[in-house]
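The chain contents come next:
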Amino acid sequence: MSTSCRRMFLGQRFLRENSATSIPTFPKSFASFPVFANTEHRRRQKETRLRSLHSSFRHQSFHVSSAARTRTQDKTPSTQCRLPSDFLSTIQSRHPELKISTNPYDLDSHGHGESYHPSSPPDAVIYPSSVEQIRDIFSLCCREVLDDDCDSAVVEVVSVIPYGAGTSVEGHLNMLLPTEDEILKVPSSMFTGHDGSDTYRTIKVRRRGGISIDMSNFQQIGDVGAGDLFVKVGAGVTRNTLNEALRHTGLQFMVDPGADASIGGMVACGASGTAAVKYGTMRENVLALTAVLPPTKILSSDSDACHDVAKPEIVHCGTTALKSSAGYNLTALLTGSEGTLGIVTECTVKLHPIHNNVIAAVCAFDDLHTAAEAVTMIRMMGIPVSRIELLDEVSVQAFNKSLQSTEKSEAINQKQTEAKLHLQPMELKPTLFMEFSAHSEKAVLEDLTAAQSICVADFNATNFVSASDDETRQALWAARHRLYYSSIALRSGDGEREGATPRSTLLTDACVPLSHFADILSATARDVKELGVIGPCFGHAGDGNFHCIMPMVESDTEDYRKRVFQVNENLIQRVISVGGTCTGEHGVGYGKKRYLERMYGSGGVQLMTSVKKALDPWNVMNPGKIVDV
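Cut-off values and rules
Residues numbered from 1 in each chain as written. Predicted model: local features only at pLDDT ≥ 70, side-chain atom pairs only at ≥ 80, totals over all residues. Heavy atoms only, no water. UniProt positions renumbered as here; feature names shortened; annotations may be inferred. Pairing = 2+ DSSP bridges. Helix = DSSP H or I, 4+ residues; strand = E, 2+ residues; numbered from the N terminus. Axes fitted to C-alpha atoms, helices over the stretch in contact; angles between N-to-C directions. Expected span 1.5 Å × (residues − 1). Buried < 20%, exposed > 50% of the residue type's maximum accessible area, 1.4 Å probe, protein only. Contact = heavy atoms within 4.5 Å. Patch = residues over 30% accessible without salt bridge, like charges linked within 9 Å, V, L, I, M, F, W, Y side chains within 5 Å. Areas by Shrake-Rupley, 256 points an atom, 1.4 Å probe, with all protein chains shown as cover. Salt bridge = Lys/Arg side-chain N within 4 Å of Asp/Glu carboxyl O. pLDDT = per-residue confidence, 0-100. Core = buried A, V, L, I, M, F, W, Y, C linked by side-chain atoms within 4.5 Å. Phe/Tyr/Trp six-rings, centres within 6.5 Å; stacked < 30°, edge-to-face > 60°. Lys NZ or Arg CZ within 6 Å of the ring centre and 35° of its normal.

- Per an unreviewed UniProt entry, the protein is named D-lactate dehydrogenase (cytochrome), and its organism is Cyclotella cryptica.
- Recorded in UniProt for the protein, the comment headed Cofactor (unreviewed entry) runs: "FAD".

See the structure below:
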């Protein structure tokens, strides 16, 4: 370790030890935030109370329909559908082969992701298999209707949310609709069949429910050309399916968010994960994409002959070249847009060679701050780690407890795999997990040796262990791979009380400059301990991204839930204060909208709002997410 770098870290340590970290006041809006029960029976009983409490979290007024409540309580499709009466029948008549579901279970499963956000189901789930079908659906989402009781023209708007694999955690799939009609004055040119006159019309915009567009039928995977490092895939293809199809090529898609998410969903949320430290996030790995934009024209009530005129645009963004400076970067605009600007139907993603020389390493540290400092130094020295993950002692405790569990859980108790790996409990210390890969054994050993020297010699790491064979590497990384479900199992049931589930867990997500990573991560772990909540902290340490998993159960007191959300509020305030972001990879959804102005100022948020209004003037796409319009 160089003298200058050592002085820098000693200086940072001095400042840390001689300064106090303030805990901001906890906002009242979190005080009564509900936790979803993890059984269908209890969830039904609490549905009404959950939604009324949840509404206090939003800046803009949205409603969850009574039809949604009925659908979760009945086993037959509800007749209280908010959609226009002829909406589904018209679509079905144009495309008889198109699958449309109003099954209550389909509706509920498409109304939430894997998080604590209460379910807000759509009115129907539609499973298109072509771009043309999506365009036809969109053409009916903004229509003028005749209403003798209204002086102005009535425009009925049906909202649309794209659905991938349902693994999002920031409420992206919740159908949030404005509660009141809007009176607007718009140019007559916004209607189909316009005669060209320069006039304006007064309209009443009426929200008529929403639909989920399930992209699971978009399963095409293109061929990989000789010498090319990219492939074109459909939005419904999942990460694991893509890599399985690529096995014979010696190439791999390297963005790994953990869940087997769909490629379209990963594009929408700007996903990343454990391999981002070497291979980048989705923003760096999407070369091109095709998307269907929402309707900008109102389908006139005069005639259906203008149907084709009302069909939305198909846009092709980017190229298969590895770089381009032609025009606006529309690919980057749609990547991370969370389904608010259009529906991505296919994309071209980068591929990377699969290295045969891979080594995994694990070591422990006396405290979390020192471990985080070691990560920063490894990155500063330019050592090319493929993955570098940091777990605090509570995370390690969760892993050890999971080994003792006798519960037969598919997510945790993978008997065949784990019997083969001979997993053993780990020392209860903050632990660093590293992976190195290179074109030769010599190169990967050099990287390993350099990282080991920093961890052991400079930061006093202990129990440094490495391995190159597959089985031992999996065993070394088992605590990291099992972390999510092991953490939730820290609050398992006791026979009488229900335990936590992903649907009752708050998973935080923030990212900071590496120079602040150690301080912010340590402060968060300290908050967890001082506030008396259960929350393992871990990080994709190489890029400053970290999380805290805080499972909740139905029996938790209001005060406990308040403290859980206080941990999240504290960490986000700290992160923003040092120039970080409130979300490194999960997205904004509707839970983090209020932090955007703190990050970007009112001008930045206004620019995002202007983009949204320009591409989606009727707020058809995923309303209530990222920005309010």
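**A closer look at the sheet that holds strand S9 (residues 230-234)**
Consideration 1: Reading across from one edge, S9-S13-S11-S12 is the order of the 4 strands in this open sheet, with antiparallel pairing throughout. Only two strands of the sheet have a single neighbouring strand rather than two, namely S9 and strand S12 (314-318). Across the sheet, the axes of successive neighbouring strands diverge by a mean angle of 15 degrees, strand direction being ignored.
Consideration 2: Pairing of S9 with strand S13 (residues 343-350), which is carried by 5 bridges, proceeds in the antiparallel orientation. Note on S13: the bridge partner recorded for Val 233 is Cys 347.

**Comments concerning helix H20 (residues 558-577)**
Consideration 1: Along its 20 residues, H20 runs 28 Å from first to last C-alpha, staying within 8% of the 28 Å computed at 1.5 Å per residue.
Consideration 2: In terms of residue burial, H20 counts as a mostly covered element, since 14 of its 20 residues are buried.
Consideration 3: Just beyond H20, the residue with positive phi is Gly 579, at close to 85 degrees.

**Remarks on the side chain of Asn 243**
Consideration 1: Along the chain, Asn 243 turns up in helix H7 (residues 239-245).
Consideration 2: When neighbours within four sequence positions are excluded, Asn 243 is seen to be in contact with Gln 252 and Phe 253.

**Some details on unusual backbone geometry**
Consideration 1: Look at Asn 460: it is not a glycine, yet its phi comes out positive at around 60 degrees.
Consideration 2: Here Asn 460 shows up in the loop between helix H15 (441-458) and strand S18 (462-467).
Consideration 3: Classification of Asn 460 as exposed rests on a relative accessible area of 53%.
Consideration 4: We note that Asn 619 has phi near 55 degrees; this positive angle belongs to a residue other than glycine.

**Describing a nonpolar patch on the surface**
Consideration 1: Taken together, the side chains of Tyr 328, Leu 330 and Leu 333 define a hydrophobic patch exposed on the protein surface, amounting to about 350 Å² of accessible area.
Consideration 2: By the secondary structure assignment, Leu 333 is in helix H11 (residues 330-334).

**Focus on helix H21 (residues 596-615)**
Because an α-helix packs 3.6 residues into every turn, residues spaced three or four apart end up facing the same way.
Consideration 1: Relative to the 28 Å expected for 20 residues at 1.5 Å per residue, H21 spans just 20 Å between its end C-alpha atoms, considerably shorter than the ideal helical length.
Consideration 2: Among the residues making up H21, those that are buried are Leu 596, Val 605, Thr 609 and Lys 612.

**Brief notes about the pairing of strand S11 (residues 286-292)**
Consideration 1: S11 sits mainly inside the fold: 7 of its 7 residues count as buried.
Consideration 2: Sheet analysis places S11 next to S13, joined by 6 bridges and oriented antiparallel. Bridge pairing in S13 places Leu 289 opposite Cys 347.
Consideration 3: Summarising the sheet, S11 and S12 pair through 5 bridges and their orientation is antiparallel. In the strand pairing of S12, Ala 288 is matched with Gly 318.

**Section: the confidence of the model for the protein**
Consideration 1: Per-residue pLDDT for the protein has a mean of 86; in total, 83% of the residues score no lower than 70.
Consideration 2: Long-range and interchain partners of residues 3-79, a stretch whose pLDDT sits below 50, account for 145 contacts in this model, where long-range means more than four residues apart.
Consideration 3: Note on residues 406-419: pLDDT under 50 across the span, and 15 contacts to partners over four residues away in sequence or across chains.

**Some words on the nonpolar core**
Consideration 1: Counting 57 residues, the largest nonpolar core has Ile 378, Leu 432 and Met 434 as its most contacted members.
Consideration 2: When contributions to this core are tallied by element, the ones reaching two or more residues are strand S15 (357-364), helix H12 (368-380), strand S16 (387-391), strand S17 (431-438), H15, helix H19 (514-530), strand S22 (545-551) and H20.
Consideration 3: The leading source of residues in this core is H20, at 8 residues.
Consideration 4: Those residues within four positions of Met 434 in sequence are excluded, and the remaining contacts are Ile 359, Ala 360, Ala 361, Cys 363, Ile 378, Arg 387, Ile 388, Ala 451, Cys 455, Phe 464 and Trp 477.
Consideration 5: Val 160, Val 205, Ile 213 and Ile 298 belong to the second-largest nonpolar core, a separate cluster that totals 35 residues.

**Concerning the packing of aromatic side chains**
Consideration 1: The tally for this structure, following the rule as stated, stands at 4 aromatic pairs.
Consideration 2: Relative to Trp 477, the ring of Phe 433 lies with its centre 5.8 Å away and its plane at 65 degrees, an arrangement referred to as edge-to-face. Of this pair, Phe 433 sits in strand S17 while Trp 477 sits in the loop between helix H16 (470-476) and helix H17 (478-481), and the two are 44 residues apart along the sequence.
Consideration 3: Taking relative accessible area as the criterion, Phe 433 reaches 0% and is therefore assigned buried.
Consideration 4: Taking relative accessible area as the criterion, Trp 477 reaches 3% and is therefore assigned buried.
Consideration 5: Residues Phe 517 and Phe 546 carry aromatic rings whose centres are separated by 6.4 Å and whose planes lie at 70 degrees to one another, so their mutual orientation is edge-to-face. A residue pair is termed long-range when its members are at least 10 positions apart, and Phe 517 in helix H19 and Phe 546 in strand S22 qualify at 29 residues. You'll find Phe 517 and Phe 546 in the same group, each marked buried.
Consideration 6: Sitting over the face of the ring of Tyr 127, Lys 99 holds its NZ or CZ atom 4.3 Å from the ring centroid.

**Focus on the environment of Leu 242**
Consideration 1: Relative to the assigned elements, Leu 242 resides in helix H7.
Consideration 2: On the basis of relative accessible area, Leu 242 is assigned to the buried category, the value being 0%.
Consideration 3: Separated by 22 residues in sequence, Leu 242 and Gln 220 have C-alpha atoms that sit 9.8 Å apart.
Consideration 4: Dropping the residues within four chain positions of it, Leu 242 is found in contact with Ile 221, Val 231, Val 233, Val 237, Phe 253, Ile 263 and Val 349.

**Digging into the pattern of salt bridges**
Consideration 1: Taken as a whole and assessed by the stated rule, the structure comprises 27 salt bridges.
Consideration 2: Where Asp 123 meets Arg 82, a salt bridge forms, and the shortest distance between an N and an O atom there is 2.8 Å. A residue pair is termed long-range when its members are at least 10 positions apart, and Asp 123 in the loop between helix H5 (104-109) and strand S3 (124-127) and Arg 82 in the loop between helix H3 (66-73) and helix H4 (87-94) qualify at 41 residues. Accessibility classification places Asp 123 together with Arg 82 in one group, the buried group.
Consideration 3: Between Lys 429 and Glu 427 there is a salt bridge, and its shortest N-O distance comes to 3.5 Å.
Consideration 4: Each of the salt bridges in this network shares a partner with another, and the network as a whole consists of Glu 132, Arg 135, Asp 136 and Lys 311.

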